[in-house]
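# Report on the structure
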Amino acid sequence: MRATPLDDMHVEAAVRYCLAQLRGTADRLGGRGVRPPGSGHDLVSMMVHGFAGTLDRAGWVVLDGSTVRGFAGATFVDLTPDDWRYTFMPPRSMSIAATACHLDTTEAVLALHDAVRPAAADRGMPRLLIASAPDAETVRAAWRGAGLRPDVVMAVRDMSNWPGAGSSPAGIVVRTAAPSDVDSLTDLALEEHRYHATHTKSGTSPDQPRETSRRLAEQAVSAPPETSYQLVAEDAASGAVVGSLLGMIHILGDDQVQRFLLPPRYGYIGLTSVTAAHRGGGVGRALVDAAMNWFANHQVDSVFLHYVVDNPLSARFWTRLGFAARIHVDGVWL
Ligand SMILES: CC(C)(COP(=O)(O)OP(=O)(O)OC[C@H]1O[C@@H](n2cnc3c(N)ncnc32)[C@H](O)[C@@H]1OP(=O)(O)O)[C@@H](O)C(=O)NCCC(=O)NCCS
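Keep in mind that this is a model prediction, so the values were computed, not measured.

What counts as what
- Residues numbered from 1 in each chain as written.
- Predicted model: local features only at pLDDT ≥ 70, side-chain atom pairs only at ≥ 80, totals over all residues.
- Domains from an automatic or database assignment.
- Contact = placed C-beta atoms within 7 Å.
- Helix = DSSP H or I, 4+ residues; strand = E, 2+ residues; numbered from the N terminus.
- Nonpolar A, V, L, I, M, F, W, Y, C, P; charged D, E, K, R; others polar.
- Core = buried A, V, L, I, M, F, W, Y, C linked by C-beta atoms within 7 Å.
- Buried ≥ 20, exposed ≤ 12 C-beta atoms within 10 Å, placed from the backbone.

## Regarding the domain arrangement of the protein chain
- As assigned here, the protein chain comprises domain 1 (2-154) and domain 2 (158-325).
- Measuring from the centre of the C-alpha atoms in domain 1 to the corresponding centre in domain 2 gives 28 Å.
- Counting residues at the interface gives 31 residues for domain 1 and 27 residues for domain 2.
- For the side of domain 1 that touches domain 2, the secondary-structure elements that each account for two or more residues are helix H1 (8-29), helix H2 (41-49), strand S4 (92-103) and strand S6 (149-158).
- Split into classes, the residues belonging to the side of domain 1 that touches domain 2 amount to 21 nonpolar, five polar and five charged.

## Side note on the nonpolar core
- By size, the foremost hydrophobic cluster in this structure holds 94 residues, and its most contacted members are Leu112, Leu287 and Ala291.
- Among the elements that take part in this core, helix H7 (residues 283-297) stands out by supplying eight residues, more than any other.
- Counting only domains with at least three residues in this core, you end up with domain 1 (2-154) and domain 2 (158-325).
- With sequence-adjacent residues up to four places away left out, leucine 112 is seen in contact with Ala3, Trp60, Val62, Gly70, Ala72 and Leu103.

As structure tokens, this is what we get:
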């Protein structure tokens with residue numbers, strides 16, 4: 001098998017291959033409202049064609065003779081410090097999303113690996129990130145055999161068996177954030193980003209501009225309350241804000257290829273941060289409890305979030321709260 005750049009001759013076969021793979025995954029995820037309406041052909045066609053002939057993207061097909069046995073579409077990510085993704089991604093990477101990576105054998109993975117790794121290096125990208133769907137164990141094992149390591153997971157938890165709101169730890173009040181909390185939210189965000197930069201191998205920059213985090217905090221406190229809920233945990237005695245969590249409701253359009261992997265409407269927990277002196281005392285759980293209560297009141301069935309796999313605090317925290325990996329992102333430094 002060999003991987004070659006996506007070209008006109010193979011594009012339709014690549015669409016058919018990806019469509020079959022995505023449908024298979026959606027069926028296996030079944031019962032969670034996952035799968036776009038209709039055949040999904042147009043969505044997949046748009047996705048595959050989107051990787052042909054643009055400067056910041058590249059596509060490959062894996063060929064067995066002349067038969068397409070794999071596809072990958074990569075985006076070259078080059079972030080400036082004012083980009084919101086700079087707060088949680090390495091500044092420069094080549095990234096392949098789970099919707100755009102379809103392979104089903106070890107051989108196909110190795111053929112693709114031989115093509116994508118030099119392509120990333122040629123573009124001066126220090127980090128290669130490749131996502132895979134939950135049922136792609138063989139493929140994931142092959143990537144790991146080729147040197148990639150778990151980087152981030154998108155994890156999910158059903159709302160149905162959430163144990164219900166417990167009480168906040170003594171002296172802690174969890175409440176909706178107000179515009180006057182923007183400075184505290186910015187401090188907590190910077191603390192979280194720097195924690196990732198220094199305690200994980202994610203490659204997030206330790207040099208995080210305050211302005212970017214402040215802008216995001218301002219947006220979070222003024223976002224529409226129907227789909228966004230910025231929480232803070234306050235130390236009642238001192239009035240200091242010691243923790244924060246952003247809850248959101250995400251809605252995927254029928255024209256989004258992610259509909260093969262995610263439900264059309266789901267809860268999402270964004271930036272979660274408890275200041276170092278208050279960790280391990282139940283503040284994080286109290287924030288999640290309040291968010292889950294809000295999700296329940298908004299008829300959300302499942303809640304997703306991302307965490308960095310080698311973050312020694314968050315991986316255990318989210319696992320303890322019942323979140324399980326749905327989409328895996330593996331990475332390698334080049
Ligand atoms: C992750 C974080 C938000 C957790 O908040 P916290 O207030 O320390 O967590 P809690 O004390 O509420 O812990 C809740 C549960 O998780 C468990 N838990 C938390 N941290 C844990 C750890 N490192 N190891 C094992 N279990 C842990 C607790 O034992 C507790 O279980 P219990 O309620 O059944 O006893 C906090 O550590 C933090 O801000 N870390 C730095 C930034 C970060 O990583 N943010 C998350 C990004 S995804």
